[in-house]
Amino acid sequence: MGRSAPVAANQERIVKKKRRSSLKRWDAPIAGYLFISPWLIGFIGLTAYPLLLSLYYSFTNYTLLRPIEWVGTKNYVNIFTSDPKFEESLRATFQYVIASVPLKLIAALLIAMLLNKAVRGIGIYRTAIYFPSLIGGSIAVSMLWRNIFGVEGIFNKIIATFGFEGKGWITSPDTAMSTLVLLAVWQFGSAMVIFLAGLKQIPNDLYEASSVDGANKFVQFFRITLPMLSPIIYFNLIMGVINAFQMFTSAFVITNGGPMNSTYVYALYLYERAFSRYQLGYSSALAWIMLVIIVIASLIIAGTSRYWVFYETETEGRKRRR
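Every value quoted in this text rests on a predicted model; they were computed, and no experiment measured them. (Residues numbered from 1 in each chain as written. Predicted model: local features only at pLDDT ≥ 70, side-chain atom pairs only at ≥ 80, totals over all residues. Heavy atoms only, no water.)

1. What to know about helix α4 (residues 122-135)
Okay, so step 1: Looking at α4, one finds that the buried residues are I122, P132 and S133.
Okay, so step 2: Where α4 is buried, its residues meet α3 (84-115), α7 (176-186) and α8 (189-200). (Buried < 20%, exposed > 50% of the residue type's maximum accessible area, 1.4 Å probe, protein only. Helix = DSSP H or I, 4+ residues; strand = E, 2+ residues; numbered from the N terminus. Contact = heavy atoms within 4.5 Å.)

2. Remarks on the packing of α3 against helix α13 (residues 280-308)
Okay, so step 1: At a minimum axis separation of 13 Å, α3 and α13 run at an interaxial angle of 35 degrees. Relative to α13, the crossing made by α3 is right-handed. Mapping the contact onto sequence places F86, L90 and F94 in α3 and L286, I289, M290 and I293 in α13.
Okay, so step 2: Considering only residue class, the contact of α3 with α13 consists of seven nonpolar, no polar and no charged. (Axes fitted to C-alpha atoms, helices over the stretch in contact; angles between N-to-C directions. Left-handed = near helix turned anticlockwise from the far one by under 90°. Nonpolar A, V, L, I, M, F, W, Y, C, P; charged D, E, K, R; others polar.)

3. A few points about the side chain of D83
Okay, so step 1: Within the secondary structure layout, D83 lies in the loop between α2 (74-81) and α3.
Okay, so step 2: Among the polar contacts made by the side chain of D83, one reaches the main-chain amide nitrogen of K85 at a distance of 3.2 Å.
Okay, so step 3: When near neighbours in sequence (up to four residues on either side) are disregarded, D83 contacts N78, Y269, R273 and Y282. (Polar contact = N/O pair within 3.5 Å; in protein donor to acceptor, adjacent residues only side chain to side chain.)

4. Some words on the packing of aromatic side chains
Okay, so step 1: Using the criterion set out here, one finds 21 aromatic pairs in the structure.
Okay, so step 2: Pairing W39 with F43 gives two aromatic rings, centres 5.2 Å apart and planes at 10 degrees, and the pair type is stacked. A residue pair is termed a helical-turn pair when its members lie 3 or 4 positions apart in one helix, as W39 and F43 do in helix α1 (residues 4-57) at four residues.
Okay, so step 3: The exposed category is assigned to W39, whose relative accessible area is 56%.
Okay, so step 4: Assessed through its relative accessible area of 35%, F43 is described here as partly exposed.
Okay, so step 5: On the numbers, 5.4 Å between centres and 80 degrees between planes, the contact of F155 with W169 is edge-to-face. With F155 in helix α6 (residues 154-160) and W169 in the loop between α6 and α7, this residue pair connects regions lying 14 residues apart in the sequence.
Okay, so step 6: For F155, a relative accessible area of 29% puts it in the partly exposed group.
Okay, so step 7: Accessibility expressed as a relative area gives 19% for W169, which makes it buried. (Phe/Tyr/Trp six-rings, centres within 6.5 Å; stacked < 30°, edge-to-face > 60°.)

5. Some words on the nonpolar core
Okay, so step 1: F86, Y96, F195, L229 and F245 are the most contacted members of the largest nonpolar core, which totals 65 residues.
Okay, so step 2: Per-element tally for this core: the top contributor is α3, with twelve residues.
Okay, so step 3: Beyond its immediate stretch of four places on either side in the chain, F86 contacts I79, F80, Y266, Y269, L286 and I289. (Core = buried A, V, L, I, M, F, W, Y, C linked by side-chain atoms within 4.5 Å.)

6. Things to note about the UniProt feature "transmembrane region" (unreviewed entry) in the protein chain
Okay, so step 1: As annotated by UniProt and renumbered to match this structure, "transmembrane region" (unreviewed entry) occupies residues 30-57, 94-115, 127-145, 176-199, 232-254 and 285-311.
Okay, so step 2: End-to-end, the C-alpha atoms of residues 94-115 are 31 Å apart, and along that stretch the chain is 100% helix and 0% strand.
Okay, so step 3: For residues 232-254, helix accounts for 87% and strand for 0%, while the C-alpha atoms at its two ends are 31 Å apart. (UniProt positions renumbered as here; feature names shortened; annotations may be inferred.)

What follows is the structure, given as structure tokens:
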């Protein structure tokens, strides 16, 4: 009995020590979860739950006017087999994406290179050029854009001074999409700021060494600037494609899908199905199809990135593979 008491006390101390150590292991995760709980609650309540709910609705006949009815894949079958507006809106969306994203990246890169100069007051110029992008996606700017390219708009007055005859640029099927693309290109500020940050990270030694070897500005741009900026081009390309596929405000305010459905983009069609016809189940299926399209486009860009995206840390590995 005398010996068993110390053994029992020793075992009790070991158990308490293990319990304290296990609690210490959980102290940090619990504190971390408490700190991120506002974001976590917002993500679950405002993103994850609506996302899963829309996935469920996409397999139902949900119209707000009658009880929810499970229809399986009927909505998806109807979209791909008997919905001409789906193909029409998808075609307009791809036209917009293919035209606007490259032009926006080119404009952003060129402006960033112009602003990457040690000029007095350059910060004021950068702020002034970036400012339009802060309000570029607003309804007010879209209405202003509609007035600029209208029949009596300022653009026609400007070209009239050079002897050219103006027209309704947003009322013509041939030019309506171009006005939306031009508005997207004008909103280059965010991409420009990222390009500018990337340009400042390129060592000047590379340009000085290439100048000694006889490389001109043109060669330096394609042999130094573009390869060193390729990760940033990759990021801006992904973000630009995602945003372009979801374009809605400018098409809704400026053209409302017209004329002759030439600017009837996918998001506008989804909006019409959901809030004009109240076919929420059908519009949820449209939304998930667009999500899949965006994911596929992103994966294609990511898959091809190994052929044109240059990372400085991978130079040795690429040399070995060659």
